Amino acid sequence: MPEASAKPAGVPLGTQTTKTQQQKGKDKNSAGAQEAKAMRKAEKAARRAAKVSELGKSSTPPQEAIALARVQSQTKQSRAASGTSNAGSVGGGSSNSVVNATASSAISSLTAQSTAIHGSDILDKRVGLFKHLEITRRSGTADAAKDIHPAILALTLQFASYTVIGSSARCRATLRAFQTVIKDYRTPVGTTLSRNLTNHLSRQIDFLKTARPLSITMGNAIRWLKQEISVVSIDVSDDQARESLIEKIETYIRDKIEVADRVIVQSAVKHIGNGDVILAFSRSAVVEQVFLEANLRGIEFSVVVVDTRPFYEGKEMVRRLARAGLKCEYVLISGLSYVLNDITSVFLGAHAVLSNGQLYSRVGTALVAMSAKRKNIPVIVCCESIKFSNRVQLDSVTFNELGSPDDLMNISIDSAPKPGPLKNWRDLPNLKLLNILYDLTPPEYIKKIVTEVGSLPPSSVPVIIREYNSA
């Protein structure tokens, strides 16, 4: 007698199996979505923990904190998955091993990424007082996401290698790259340009920050651009919106950087007279333009450029000024006290000017300004208003940027690198190197700040910031 079929009459062969597979697929998709959601929450929590570490409450680097949070999230998900699978079969152990393997892969990937950016030993050899500052120095783009634009990849490498250096130069280069990104951008189906383009740019910005932190100028420009994108009307076609944004970026570069520099030059050149001996520190593009303009006007003066490691930016300014026919001297900051006796005024550039009047600029600026103040030498700062910041800062420790300690190993003053006696510093357990990039100059050391809106004392900076924000 034939065996009775377990399937109900009238049900086609394979229907029950298909339903079971569909249900398993739904469960799998649901579990994947829950896991992704949990991962995102864990990363946010890890980033909050990283901020706490900046206050000295934790010494765990942000990348390690994120990796730890990911592993904890995946362990939690594995337990849930194990419980589900054990309820229906005896496959819980297999599920756990798979998830643990995934967790190990995730942390290995993050560790490799951190090593590629920072170097294997740099994170453990940071000076204690500055451990809350992250060393961001990318050496490649192999781990870049597929939606990162080639223009951003190239710019990131230029930032990391200091090929593009200087606050205004970095801001201009970033905005130019954004023009290319916007030109090639296409809005996905089911969304709008004003919504999706901001997210797309945010991913480009996050990748840029893996090379170096954003400058104050870049931050102000990015906030402005995102505001312009948010007000794009949904009734405007994407082509018109892209063209409009590209044109607005071009206008922003022209008005806030190029025209502003020309106005500053015309104002600052009035502070240079015949027979003056002017001291400049490192290199500032706008200060260089001031000297060149004064030379074109026939003013007889000379320039002493004080420079410092590791970038030796002043060498480029001396070369340009000397080619233009200016009398120049070049000295390292260790010889500052010997050249101050003949100086009549000091011209400085700026990375940023904070709302409490503090000048945030290349490390060594505070020493130059303080030394000049002690000898009653006027200190004049040339700075565009786009570099003004609402931030209030009282020291150079809370917020700063750390360069790679390896940059201090080069003892050569020309383009050919020459490693010094500390080239194997990583193998010396008791040695730590500090390559800090900026310092703060108190407002009492500064006579005036020359901007495109006029010359003003440091105490008037909040007024300019208020007007800038209201505009």
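Everything numeric here is computed off the predicted structure, so don't read it as measured data.

Caption draft 1: The arrangement of the sheet that holds strand β6 (residues 359-362) in detail. One open sheet holds the 4 strands; their spatial order is β8-β5-β6-β9, and the pairing between them is mixed. At either end of the open sheet lies a strand with only one pairing partner, and these are β8 (388-389) and β9 (438-441). In terms of strand pairing, β6 meets β9 through 4 bridges, oriented antiparallel. Among the inter-strand pairings, L359 is bridged to a residue of β9, identified as T441.

Caption draft 2: Expanded view of the packing of aromatic side chains. Tallied over the full model, the rule gives 6 aromatic pairs. With a centroid separation of 6.1 Å and 50° between ring planes, the pair formed by F291 and F301 is classed as tilted. Linking F291 in helix α9 (residues 285-296) with F301 in the loop between α9 and β2 (302-307), this pair joins segments that are 10 residues apart in sequence. According to the relative accessible area criterion, F301 is buried, its value standing at 6%. Among the aromatic residues, those joined into a cluster by ring pairs are F291, F301 and F347. When the ring centre of F159 is taken as origin, the NZ or CZ atom of R170, which lies over that ring, is 5.1 Å away.

Caption draft 3: Geometry of the nonpolar core. Counting 33 residues, the largest nonpolar core has I152, L175, F178 and L197 as the members making the most contacts within it. When contributions to this core are tallied by element, the ones reaching two or more residues are α4 (150-160), α5 (167-184), α6 (193-208), α7 (216-230) and α8 (238-268). Counting residues in hydrophobic clusters, the runner-up holds 29 residues, among them V277, V339, L348 and A350.

Caption draft 4: Structural detail: the state of the cysteines. Throughout the structure, instances matching the rule amount to 0 disulfides. Left without a disulfide partner, C383 is nearest to the cysteine sulfur of C382, which lies 9.0 Å away. Judged by relative accessible area, which is 0%, C383 ranks as buried.

Scoring rules and cut-offs
- Residues numbered from 1 in each chain as written.
- Predicted model: local features only at pLDDT ≥ 70, side-chain atom pairs only at ≥ 80, totals over all residues.
- Heavy atoms only, no water.
- Pairing = 2+ DSSP bridges.
- Helix = DSSP H or I, 4+ residues; strand = E, 2+ residues; numbered from the N terminus.
- Phe/Tyr/Trp six-rings, centres within 6.5 Å; stacked < 30°, edge-to-face > 60°.
- Buried < 20%, exposed > 50% of the residue type's maximum accessible area, 1.4 Å probe, protein only.
- Lys NZ or Arg CZ within 6 Å of the ring centre and 35° of its normal.
- Core = buried A, V, L, I, M, F, W, Y, C linked by side-chain atoms within 4.5 Å.
- Disulfide = S-S within 2.5 Å.

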